[in-house]
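# Residue-level structure breakdown
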Amino acid sequence: MSQTDIATIDDVQHLLAGQDYVCGRALATVSFLALKLGRPLFLEGEAGTGKTEIAKAIAAALGRRLIRLQCYEGLDASSAVYEWNFAAQMVAIRAAEATENTDREALRADLFGPDYLIERPLLQAMRPQDGGAPVLLIDEIDRTDEPFEAFLLEALSDFQVTIPELGTIKAPEAPIVILTSNRTREVHDALKRRCLYHWVDYPDFRRETEILRARVPEAAETLSREIVAFVQRLRTEDLFKKPGVAETIDWAKCLLALDVISLSPEVIADTLGAILKYQDDIARLQGSEARKILDEARKTLAPT
Ligand SMILES: Nc1ncnc2c1ncn2[C@@H]1O[C@H](COP(=O)(O)OP(=O)(O)O)[C@@H](O)[C@H]1O
Ligand SMILES: [Mg+2]
């Protein structure tokens, strides 16, 4: 399927379902619009809610290359766009020094030519690709700083870079851009304004069981429902770090590996490390608390 075959919001949902990605109506709508209008998609939300995954799913579904720029503190333009392979340049210079009659001009041109250019994600995303424009995932942008944001804003507005030694490189077709943020800080308005925005929330019970069905099909329906009910209930607790969908999936896999058929306070206590990653949160569920939450979770499950 190609981008032009996407005529409706339903098409987006089907396309993503084909990649085992369960997409709610609101997220499908904003994704549809981003694809149709060629606008970057800005996804913000808690960790483990499927932001990175949807970029992978869109790329796979459209048969596009996925290019990921993982953001981190201190990420600068050269690591994001291109660098010269300094070590290789030095080796070439040494080799040239060892030979007589080196053509210095030719060497210079060669040293700052394609052979010594290291293309980083933003430059890669501007290169033509088989199968169409790539999906450019700018992941966890909240980890970078404001100067880099400003730089990105610029890059996203014209999809071209100028390399002094090589000239200007322009994308033949704008990539499909998806930015994510775990909101450890606010991302600047100017950048958000360029994009279509969506807050990716934790899925509700129905959608999360659907996700489990897609991702852990070996789990029995009754166990899946218990797992999801428990995790959903757990998210209402005042935790330092609430479990995301990734944790629900991990937990289900752990329980399957242990041949668990139904949740019990003992099983929960033994496997809590799959859903809670902070000792303070785990400590909260010691004693009778896990049983209490399990009982309440079970009450929300209508008899099947
Ligand atoms: N809607 C969904 N459909 C299918 N799987 C999902 C969905 N949301 C999350 N997941 C699962 O949860 C995992 C974590 O999601 P991820 O995209 O890495 O979270 P985020 O980037 O929001 O922190 C994914 O690997 C995927 O298996
Ligand atoms: Mg992510």
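The structure displayed is predicted, hence computed values, not measured ones.

Across its full length, the protein holds 15 helices and nine strands. Computed over the C-alpha atoms, the radius of gyration of the protein is 24 Å, more than 25% above the 19 Å expected from 2.2 N^0.38 for a compact globule of 304 residues. Across its three principal directions, the C-alpha atoms of the protein cover 85 × 45 × 35 Å. Each of the 304 residues in the protein was classed as buried or not, and the buried ones make up 32%.

Before going further, it helps to spend a moment on the pairing of strand β1 (residues 41–45). A large share of β1 lies buried, amounting to four of its five residues. Sheet topology places β1 next to strand β8 (residues 176–181); four bridges connect them, and they run parallel. Among the inter-strand pairings, Leu-43 is bridged to a residue of β8, identified as Thr-180. Relative to strand β9 (residues 196–200), β1 is paired through five bridges, and the arrangement is parallel.

The backbone phi angle of Glu-140 is positive, close to 60 degrees, even though this residue is not glycine. The residue Glu-140 is located in the loop between β5 (135–139) and α8 (146–158) in this model. By the C-beta count within 10 Å, which is 19 here, Glu-140 ends up partly exposed. Look at Phe-159: it is not a glycine, yet its phi comes out positive at around 50 degrees. By the secondary structure assignment, Phe-159 is in the loop between α8 and β6 (160–163). Look at Phe-159 and you get partly exposed, because 19 C-beta atoms sit within 10 Å.

We now examine the site of ligand 1. By nearness alone, 18 residues border ligand 1, and Gly-50, Lys-51, Thr-52, Glu-53 and Ala-246 come closest of all. If you list the elements that add at least two residues to the shell around ligand 1, you get α3 (51–62), α10 (205–215) and α12 (245–257). Within the shell around ligand 1, the residues separate by chemical class into eight nonpolar, six polar and four charged. Residues from two domains meet in the shell around ligand 1; each of domain 1 (3–73 + 121–200) and domain 3 (205–296) gives at least three.

Moving on, we come to the pairing of β8. Of all the six residues making up β8, six are buried; the element is thus mostly covered by neighbouring parts of the structure. Here β8 shows two buried faces, one formed by Ile-176, Ile-178 and Thr-180 and the other by Val-177, Leu-179 and Ser-181.

What follows concerns the packing of helix α11 (residues 221–234) against α12. The geometry of α11 relative to α12 is characterised by a closest axis approach of 10 Å and an angle of 135 degrees between their N-to-C directions. The angle between α11 and α12 falls in the class oblique. Pair α11 / α12 crosses with right-handed handedness. In this structure, α11 contributes Leu-223, Ser-224, Ile-227, Val-228 and Val-231 to the contact, and α12 contributes Thr-248, Trp-251, Ala-252 and Leu-255.

Our focus in this paragraph is the environment of Phe-240. Its location among the elements puts Phe-240 in the loop between α11 and α12. For Phe-240, a count of 11 C-beta atoms within 10 Å corresponds to the exposed category. For Phe-240 and Trp-251, which are eleven residues apart along the polypeptide, the C-alpha to C-alpha distance reads 18 Å. If sequence neighbours within four positions are ignored, Phe-240 has contacts with Tyr-278, Asp-280 and Asp-281.

Under the domain assignment used here, the protein contains domain 1 (3–73 + 121–200), domain 2 (82–116) and domain 3 (205–296). Measuring from the centre of the C-alpha atoms in domain 1 to the corresponding centre in domain 2 gives 36 Å.

Cut-off values and rules
Within each chain, residues carry numbers counting from 1 in the order of the written sequence. Labels are handed out in written order, letters beginning with A for the chains and numbers beginning with 1 for the ligands. Where totals are concerned, whole chains, interfaces and linings use all residues; where local detail is concerned, this predicted model gives features only for residues with pLDDT of at least 70, and gives and counts side-chain atom pairs only at 80 or more. Secondary structure is summarised from DSSP: a helix means a run of H or I of at least four residues, a strand means a run of E of at least two, and numbering begins at the N terminus for each. Using C-alpha atoms as the atom set, the radius of gyration is obtained and then compared with a globule rule of 2.2 Å times the number of residues to the power 0.38. In this scheme every C-beta is placed from the backbone, and a residue whose C-beta has 20 or more other C-beta atoms within 10 Å is buried, one with 12 or fewer is exposed, and one in between is partly exposed. We treat two strands as partners when DSSP finds at least two bridges between them. In this text, near has one meaning. A residue is near a molecule or strand if its C-beta atom, placed using the backbone, is within 6 Å of it. Amino acid classes used here: Ala, Val, Leu, Ile, Met, Phe, Trp, Tyr, Cys and Pro are nonpolar; Asp, Glu, Lys and Arg are charged; the rest, including Gly, are polar. A domain assignment, automatic or from a database, supplies the domain bounds used here. Here the axes come from fitting lines to C-alpha atoms, over the contacting stretch only for helices, and the angles between their N-to-C directions go from 0 to 180 degrees. Comment on the angle field: the value is read as roughly parallel under 35 degrees, roughly antiparallel over 145, roughly perpendicular from 65 to 115, and oblique elsewhere. Two helices crossing with the near one rotated counterclockwise from the far one by less than a right angle form a left-handed crossing, whereas a clockwise rotation gives a right-handed crossing. For the purpose of contact definition, each residue receives a C-beta atom placed from its backbone, and two residues are in contact when these atoms lie within 7 Å.

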